[in-house]
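Survey of secondary and tertiary structure
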Amino acid sequence: MTQDELKQLVARAAVDYVKDGEVLGVGTGSTVDFFIDALKESGKQPSACVSSSVRSTKKLEALGFKVVDLNEVESIGVYVDGADEIDGGFSMIKGGGGALTREKIVASVAEKFVCICDGSKKVEVLGKFPLPVEVIPMAVQSVARKLRAFGGEPVERDFTTDNGCRILDVKGLAITAPHALEAQINAIPGVVTVGLFAARGADVLLLGTSEGVKCFEKEPKE
């Protein structure tokens, strides 16, 4: 199966988690695009959608879904989004599409985070995919110096986020302690947020493989 076919498989599987009449959180990226198409085909009717990017908002509205600002809702039942990498502890690297800050905000409000991706995104240790860090423009160089102190190689992306900020993609990291590194990078002055989703990782992983969709659920904390 092609990578797109695997993405379509998990996108359709994620629709099962959507409940009619409930606010739905929608992420960003190619796999999420397939999810939005599958949601339309399913006939399910969330009361409204909260989107993490201009790109997803435009697609949702074009297909007839109501999109509202996060400030207008008190809770989100399910948030569906992809990942650039995800490890066995359900920590993720996200931000390849540049929407990491809004994705992290929406995910923080959701009761359940359903991560959808193809099998290539499942890894033992995060970091082969460059770690995105969204930065206030005036702080690009000062933040880059701090990131080099962590052992990374930051490269400024030729891209401006929906928030008017810049992104540093950090190469060369082997992220064995994602919770700690997320907190450390977020504490650097000028960082809007880092694309490590460990403090609020996924609850469910739907993984597209040649054998079909594999579902993994995070064990609840005792």
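First, a word on scope: everything that follows refers to the structure included in this document. Values in this document were obtained by computation on a predicted structure and should not be read as measured data.

Observations regarding the pattern of salt bridges
In this structure the tally under the stated criterion is nine salt bridges. For Glu182, the salt bridge identified is with Lys104, shortest N-O distance 2.9 Å. Here Glu182 is found in helix α6 (residues 178-186), whereas its partner Lys104 is found in helix α4 (residues 100-109), with 78 residues between them in sequence. In this structure, Glu182 and Lys104 share a single accessibility class: buried. Across the pair Asp203 and Arg200 runs a salt bridge whose closest N-O atoms are separated by 2.8 Å.

Some remarks on the sheet that holds strand β7 (residues 131-135)
On the basis of which strands lie adjacent, the open sheet formed by four strands has the order β8-β9-β7-β10 and antiparallel pairing. Edge positions in the open sheet fall to β8 (153-156) and β10 (191-194), since each of these has one partner strand only. Strand-to-strand twist in this sheet, taken as the mean axis angle between neighbours without regard to direction, amounts to 30°. Note: β7 against β10, three bridges, orientation antiparallel. Opposite Val135, over in β10, you have Val191 as the bridge partner. In this fold α4 packs onto β7, β9 (166-171) and β10, with an angle of close to 65° to the strand it touches most, β10. Contacts between helix α5 (residues 140-149) and the sheet are confined to β7, β8, β9 and β10, with β9 contributing the most and set at about 15° to the helix.

Reading the values: rules and limits
- Residues numbered from 1 in each chain as written.
- Predicted model: local features only at pLDDT ≥ 70, side-chain atom pairs only at ≥ 80, totals over all residues.
- Heavy atoms only, no water.
- Salt bridge = Lys/Arg side-chain N within 4 Å of Asp/Glu carboxyl O.
- Helix = DSSP H or I, 4+ residues; strand = E, 2+ residues; numbered from the N terminus.
- Buried < 20%, exposed > 50% of the residue type's maximum accessible area, 1.4 Å probe, protein only.
- Pairing = 2+ DSSP bridges.
- Axes fitted to C-alpha atoms, helices over the stretch in contact; angles between N-to-C directions.
- Contact = heavy atoms within 4.5 Å.

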